[in-house]
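Survey of secondary and tertiary structure
What follows is each chain in one-letter form.
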2 protein chains.
Amino acid sequence: MLVIGRVSRRMLEASAVNNSNPQKTPGIMSSHSTTVKPVPVIENGVNSDTVPYSDGELLQKVLDIVKKEKLYGKIEDDKSVVDFKHPEELRKLLDLTMCREGCQSRAEVDEVLERVVRHSVRTQHPHFYNQLYGGIDEVGLAGAWILEALNTNQHTYEVGPALVITEFCVIEQMVKLFGWTDGGDGIFCPGESVRPGGSIANMYSMVLARHKLNPAFKRTGMTANDSPLVIFTSDQSHYSISKGAFWLGFGLDNVVPVASDDQGIMHGAALRDAVRKAREEGKKPFYVNATAGTTIPAKGEQLLTKGEQVPAKGEQLPAKFEQLPMKGEQLPMKGEQLPAKGEQLPAKGEQLPAKGEQLPAKFEQLPMKSEQLPMKGEQLPMKGATYLFQQDKFYDVSYDTGDKSIQCGRKGDALKLWLMFKIHGMDVIELRINAAFEASKYLESEVKRREGFELVREGLQCTNVCFWYIPPALRGHTRTPQWWQMLHKVAPLIKERLVLEGTLLIGYQPMTGKNLVNFFRMINTSFPVPTQAHMNFVLDEIERRGQDIEVQSLES
Amino acid sequence: MLVIGRVSRRMLEASAVNNSNPQKTPGIMSSHSTTVKPVPVIENGVNSDTVPYSDGELLQKVLDIVKKEKLYGKIEDDKSVVDFKHPEELRKLLDLTMCREGCQSRAEVDEVLERVVRHSVRTQHPHFYNQLYGGIDEVGLAGAWILEALNTNQHTYEVGPALVITEFCVIEQMVKLFGWTDGGDGIFCPGESVRPGGSIANMYSMVLARHKLNPAFKRTGMTANDSPLVIFTSDQSHYSISKGAFWLGFGLDNVVPVASDDQGIMHGAALRDAVRKAREEGKKPFYVNATAGTTIPAKGEQLLTKGEQVPAKGEQLPAKFEQLPMKGEQLPMKGEQLPAKGEQLPAKGEQLPAKGEQLPAKFEQLPMKSEQLPMKGEQLPMKGATYLFQQDKFYDVSYDTGDKSIQCGRKGDALKLWLMFKIHGMDVIELRINAAFEASKYLESEVKRREGFELVREGLQCTNVCFWYIPPALRGHTRTPQWWQMLHKVAPLIKERLVLEGTLLIGYQPMTGKNLVNFFRMINTSFPVPTQAHMNFVLDEIERRGQDIEVQSLES
Ligand SMILES: Cc1ncc(COP(=O)(O)O)c(C=O)c1O
Ligand SMILES: Cc1ncc(COP(=O)(O)O)c(C=O)c1O
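Residues numbered from 1 in each chain as written. Chains lettered and ligands numbered in written order. Predicted model: local features only at pLDDT ≥ 70, side-chain atom pairs only at ≥ 80, totals over all residues. Heavy atoms only, no water.

An unreviewed UniProt entry annotates chain A as Glutamate decarboxylase originating from Hyalella azteca. We quote the UniProt Cofactor (unreviewed entry) comment for chain A here in full: "pyridoxal 5'-phosphate". According to its UniProt record, chain A has this under Sequence similarities (unreviewed entry): "Belongs to the group II decarboxylase family." (UniProt positions renumbered as here; feature names shortened; annotations may be inferred.)

Dropping the structure here:
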């Protein structure tokens, strides 16, 4: 037995105390006996004794909790989505105290793990409807767990061979999907959220466009430029565009909001005017964010092609012009356009798409993943770091793809997507996505049919249904500004009641730019697959908790 | 039974074919019988039948693989670290083909999962020594799995209550650790790598410094500035500084490399000269990257305080001056300075630390985690998005911390760190980290003692030991430039042999700025805990595979 490291006197004392008087912390779900934690020693380089669990049992415990709670998208409808606690209360319930000795028994460890899960929102519940993400399925979670257990990254082939290869495969599929017959490349952008990377993907595309405009900026920086670089985006666009403009030093004043229609889609004529105006003012247009135009109603990226021909060939805009090669319901997420069927998406304006951020992110049924950013044409010239990317390696170093990224390491998120394609196959993905669209269509029709419900806008955009619930007390009145102000308070009030009961988690929000007061916003994602019954439940619940709202409670 | 969505004709046909002629793909580890995959239908919103596994069994399979392969840091020393295959070969072995119907049997699914693991590097192996990261332990992996299963984020309290609360707790600990008695804040920066976020954390700090210099840039952008903004960093600094300068539009020409000593530590006098020179040229100094100065030899952040007083009070540098409040061996990772002991780290230059990127990242024994960026003083004013951060919520919205981030969502990485503190306790973390330092000290002494081995520099920096192996054929010669050029080829050659045998994965690299040819670079991380036996093995292996290298094979 080889023991290195030292065992501190304190540890020995603590352990002696424990032996004479084992500290029992009652566990709630645990059936294990309370074992006393042994003194940690290091044996053959592994100190296995610090957790009162033997080899692999802690992971088994995690699996048991996950199975018991059905966290892989199989939670029953009648369980609550959340057991809400206010922050200060939760601080106490979670027991944040830490001690130098750690947990002393299995029961204590179990309790820590169970508490975290108990006080988390069940995002895998069929009635968890959130702006940013949906549930996960078992294949998705299996992929995530493998990736975590592999604990490697893919900045070089050397450390992540299987990850590099499967990413190549997924990017090839994506490039095909985008209809880029002359090839393309891509990157999975890092993110912190569960469906992350949108913000970073947008920044990549801005940096790409700037680099296309003037590669010299790489050396000189932007202060060498005499005129401001201008970004155009819909007046309803996602806030990550202006955040990116701030972060990257373009400045908020140089983000030009372009007028949009009722659906939040940019007017092509307004865009052209805005570009002309910027030129007259001596500024340099270099980037058009031509995706959705809007996150709130459209959610799905809707192109600004409403009859208007956008300045497509790059003549008017000096730099790369950003355009998504897909629109509305023709999105690959509909399933029918998935590459396996041989159909190709119409890639409008072939010279253009520097950036085609892929939408399926919200439909991939995967846990936490980077956002794909397929790129056409030129790539960002990053900085080769000799300590990571040695060129005198004995294998084909073109597989060391880490230099595409702004970070050193890269997580192998493509693996999850690859496993999804490989194990489930496109048919299943298609089936589920179609079901999400069906459910939204059904929801929209029910909102139109049911008394007291009202669509914010006609016409489904992606799976997004925005609507108001008008409680009986507000019905039949003239819609004065005061009336709208009262309606503005209805959604938050109903939401509060629903959260406290835990039956349903649904978003609401106003659209101040369009002068619209708080409305509910339902986005169906594809797993757990939404059904008509789920849609009925949503409307029933809103009605149940909203029908007794009195005018007094809406005045302030 | 409620069935929605449609079952395609193709699916039915495929299934019929399979029924009459089940496709058997032999699984290597699997003992399951080959079951035919049923036609997927959607029942109560869940289509459970698309994977030939029932409820939770796929996750159990993942756990079985992880346990069998001991991927939680318990791999035996005598297993190989990697079974190397060249990229084109691996493409075939992984079987990248995808079909619309997905996998048809358990055996097929098992084989897909096992193949990915089989062709991955065993980063949890005691003999995996990489620049960027070490292994994980079971508590770390358990935390990661829970986080993936929770599948939520923490941009709002509403979706991640337990995550928000535990992050608060971890940040409080970090602020204490940095000795900021008047408080502070922090953020976990997103990353793609296993130990990620360093690059993004650096960018946050640059954006913070720019904002401090002139908050108006937020609106006007940097083109409104008449003089370039200048960054100072050691001539040996990490390449993420110049990448960040490119990305954020400062420009590579405005990154001033400051002369450093043998250890890569900036000379204070050289820094002062560089700042003066930049001023004389009409440029605006705004940021000093005063961490390590170097990634390669030092790896641990070493302050530039070698006797020289840096321009500490901000008088010389108009903007916030970045400085790490810790140095060398006094790092919290050494354990003795952990906050629980009441000792406080010396926070030098109290006005300064806008950024104190924490080092323990590489010693946390956790899988994939964001990098912590503790911040003192002013925060970045991000853009509130109404669709995410409604202010009319019924709970304390100061717990909706998402607006600190440049991204919409945020993954709850702090949970993993919190579980580590909570379950293991500081004593264990300290024990392991101390063991890593002990092992490096031992390695250094052995390198000095053994014939044919030579330290690149005297003096351990963090756990980093850089050394050459000089094969017998090169010993005893005059060290001409030709001789060094031959030595330059030794490390790559030995590494190739070691990788192909799979016994050891160790990094090498040159330091061209310091005119140093390829050397081995051993960084001990704290789990699996490195022992003297491991260190002996590393040197023995290098010797075993290097001693027969002939002069001819080094000439080219
Ligand atoms: C259109 C669009 N862009 C960007 C984002 C931001 O993504 P992230 O969470 O990665 O910052 C979102 C998030 O919903 C989005 O809808
Ligand atoms: C000092 C320093 N900064 C930044 C980084 C980059 O971190 P990331 O992988 O998150 O890009 C590293 C990585 O090793 C580093 O050592």
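And the narrative resumes.
This part takes up the nonpolar core. Counting residues in each nonpolar core, the largest one holds 118 residues, and the members touching the most others are Trp145 of chain A together with Trp145 of chain B. Not counting residues within four places of it along the chain, the set of residues in contact with Trp145 of chain B comprises Leu59, Val62, Trp145, Glu148 and Ala149 of chain A together with Val62, Leu63 and Val66 of chain B. Core analysis: the next-biggest nonpolar cluster, separate from the first, contains 41 residues, Leu252 of chain A together with Met203, Leu229 and Ile241 of chain B among them. (Core = buried A, V, L, I, M, F, W, Y, C linked by side-chain atoms within 4.5 Å. Buried < 20%, exposed > 50% of the residue type's maximum accessible area, 1.4 Å probe, protein only. Contact = heavy atoms within 4.5 Å.)

Turning next to helix 5 (residues 138-150) of chain A. All names here are of chain A. Spanning 13 residues, helix 5 covers 18 Å between terminal C-alpha atoms, matching the ideal 18 Å at 1.5 Å per step. The element helix 5 is largely enclosed, with a buried count of 13 among its 13 residues. One side-chain oxygen at the N-terminal end of helix 5 lies 3.2 Å from the backbone nitrogen of Val139; it belongs to Asp137. Positioned one or two residues after helix 5, Asn151 has a phi angle of 50 degrees, which is positive. (Helix = DSSP H or I, 4+ residues; strand = E, 2+ residues; numbered from the N terminus. Expected span 1.5 Å × (residues − 1). Polar contact = N/O pair within 3.5 Å; in protein donor to acceptor, adjacent residues only side chain to side chain.)

Residue and element names in this part refer to chain B. Within the open sheet, the 3 strands sit side by side as 3-2-4. Their pairing is parallel. Of all strands in the sheet, those with a lone pairing partner are strand 3 (255-258) and strand 4 (284-289), marking the two edges. In this sheet, adjacent strand axes meet at a mean angle of 30 degrees when their direction is disregarded. (Pairing = 2+ DSSP bridges. Axes fitted to C-alpha atoms, helices over the stretch in contact; angles between N-to-C directions.)

Attention now goes to the pattern of salt bridges. The full count for this structure, using the stated rule, is 60 salt bridges over all chains. A salt bridge links Asp137 of chain A to Arg432 of chain A, with the nearest nitrogen and oxygen atoms 3.1 Å apart. Remark: Arg432 of chain A occurs in helix 12 (residues 426-449) and Asp137 of chain A occurs in the loop between helix 4 (106-118) and helix 5; sequence separation between them is 295 residues. Using a relative accessible area of 1% as the deciding quantity, one classes Arg432 of chain A as buried. For the salt bridge of Glu446 of chain B with Arg450 of chain B, the shortest nitrogen-to-oxygen distance reads 3.3 Å. (Salt bridge = Lys/Arg side-chain N within 4 Å of Asp/Glu carboxyl O.)

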